[in-house]
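Architecture at a glance
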Amino acid sequence: MRPVRFNLNPKEAEIADAISMGKAPDGVPGDGFFATQLSSVVGLARKNSLWPLPFATSCCGIEFMATMASHYDLSRFGSERVGFSPRQCDLLMVMGTIAKKMAPVLRQVYLQMAEPRWVIAVGACASSGGIFDTYSVLQGIDQVIPVDVYVPGCPPRPEAIIDGFMKIQDLVGQESIRRRNSEKYRDLLNSYGIQ
Amino acid sequence: MALTNAYIQEKLVEKFNDQVFQFSTDSGILSFESAAENNLKVLQFLYEEASLGFTFLTDLCGVNYPDNKGAELVVVYHLHNFIENIRIRFSIGVPVAKPDVFTATKLFESANWMERETYDFFGVNFIGHPNLKRILNVDEMDYFPLRKEFPLEDQTRIDKDDEMFGRG
């Protein structure tokens, strides 16, 4: 049997004083100033104010509702502002089964988002089609749009969604501000037929 | 007098003789068959005969029996008499090589989308249908997914791990 594992490298919580502060990026502190790279500052700003666009089509969407609500409270991560317009959002959260007929709609929503944009596939269906190995269901949204983080589970618990969200935050915080202009990124989009 | 299955069968046999056959009763619902080319005559008789009055098409669907040579595809009509609250089931069989059936849309407006669905999943060709095209599946689909000759699993996957599917 092959072991099925989840969260190989768990992130240690910073709970020394029960209040965790975001780490300042590497730089030169001084009296009344702080010198660092522009990309670090931009990353810091972006990762702590992600605007999610929920694309919820089934039970994973219910888990996301719990994630947004007071008990799990996604707004602790600076993303309380859930937008329902793709033009305003940074993070497309795809939660639930995407039928083949829905695929062009999802792709259209992705295309309407402005750069920089990230995608998280929540749950087995969005990641791989899940149990719906059938003619009518898209076998993973990465067949039509690029995905940054996959969250396993059927459905994943809110903790797993938050874990995936924190992975996205890491990606956003470390991303070079030049990445979206790079040849590699253009090749990635071209492989999906996106100009 | 309440409408009974025996009376319905008697009226049908009186009108169509041996053109209607395979009468049976399942869960109190009368079922019977006829040849595919007689479907509209039977439906119209059931609709217009005052003592029968099956004026509502509850359901229209397809079935695929791949081993039933000459009638691999079956189209089933479920009809309802609102006054007597009685349902009957009427089916016709057509060969999969030439699945031509006359459309019921002239009798029942509700047959329009149900025939499109039956075409979508089984490829039954409803002659005279005003708009026979796919209704539920993607337009690009080039086969009829509920026919048993096509596997149910998605064929576009190349990363399937047999071990994880319990057949390694």
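Computed from a prediction, not measured in an experiment: that's the story for all the values here.

Thresholds applied
Residues numbered from 1 in each chain as written. Chains lettered and ligands numbered in written order. Predicted model: local features only at pLDDT ≥ 70, side-chain atom pairs only at ≥ 80, totals over all residues. Axes fitted to C-alpha atoms, helices over the stretch in contact; angles between N-to-C directions. Helix = DSSP H or I, 4+ residues; strand = E, 2+ residues; numbered from the N terminus. Parallel < 35°, antiparallel > 145°, perpendicular 65-115°, else oblique. Contact = placed C-beta atoms within 7 Å. Nonpolar A, V, L, I, M, F, W, Y, C, P; charged D, E, K, R; others polar. Left-handed = near helix turned anticlockwise from the far one by under 90°. Buried ≥ 20, exposed ≤ 12 C-beta atoms within 10 Å, placed from the backbone. Pairing = 2+ DSSP bridges. Right-handed = clockwise from strand over helix to strand, strands pointing away.

**Quick look at the packing of helix α2 (residues 59-68) of chain A against helix α5 (residues 158-174) of chain A**
Residues and elements named next belong to chain A. At a minimum axis separation of 9 Å, α2 and α5 run at an interaxial angle of 75 degrees. When the interaxial angle is binned, α2 and α5 end up roughly perpendicular. Contact residues: α2 offers E63, F64, A66 and T67, while α5 offers P158, I161 and I162. Of the residues assigned to the contact of α2 with α5, the class counts are five nonpolar, one polar and one charged.

**A look at the interface of chain B and chain A**
It is common to report an interface's size as the accessible area lost on association of the parts. Taken together, the nine residues of chain B in the interface contact ten residues of chain A. When its residues are assigned to classes, the side of chain B that touches chain A shows three nonpolar, two polar and four charged.

**Observations concerning the packing of helix α1 (residues 38-47) of chain A against α5(A)**
Residues and elements named next belong to chain A. Orientation of α1 relative to α5, taken along the N-to-C sense of each, is 155 degrees, at an axis distance of 7 Å. Looking at the two axes, α1 sits roughly antiparallel to α5. Helix-helix and strand crossings are classified by hand; for α1 and α5 the assignment is right-handed. Of the residues in α5, those touching α1 at G43, L44, R46 and K47 are Q169, V172, G173 and Q174. Class assignment of the residues belonging to the contact of α1 with α5 gives a composition of two nonpolar, four polar and two charged.

**Digging into the pairing of strand β3 (residues 52-56) of chain A**
All names here are of chain A. Most of β3 is tucked away: four of the five residues are buried. In the sheet, β3 pairs with strand β4 (residues 91-95) via five bridges, with the strands oriented parallel. Bridged to P52 within β4 is L91. For the crossover from β3 across α2 to β4, the handedness is left-handed.

**Quick look at the pairing of strand β5 (residues 118-122) of chain A**
All names here are of chain A. In terms of burial, β5 is largely enclosed, as five of its five residues are buried. Here β5 shows a buried face lined by W118, I120 and V122 and a second buried face lined by V119 and A121. The sheet contact formed by β4 and β5 spans five bridges and is parallel. Along β5, the bridge assignment pairs L92 with V119. Handedness of the crossover is the feature at issue here: the chain leaves β4, passes through helix α3 (residues 103-112), returns alongside β5, and the resulting connection is right-handed. Alignment of β5 against strand β6 (residues 149-151), held across three bridges, turns out to be parallel. Each residue of the ladder has a partner; that of V122, found in β6, is V151. Where the polypeptide runs from β5 across helix α4 (residues 123-128) and back to β6, its parallel neighbour, the crossover connection is right-handed.

**Quick word on the sheet that holds β4(A)**
Residue and element names in this part refer to chain A. Taken together, four strands build an open sheet; the order of strands is β3-β4-β5-β6 and the sheet is parallel. A single partner strand is all that each edge strand has here, and the edge strands are β3 and β6. Ignoring strand direction, the axes of neighbouring strands in this sheet form an average angle of 20 degrees.

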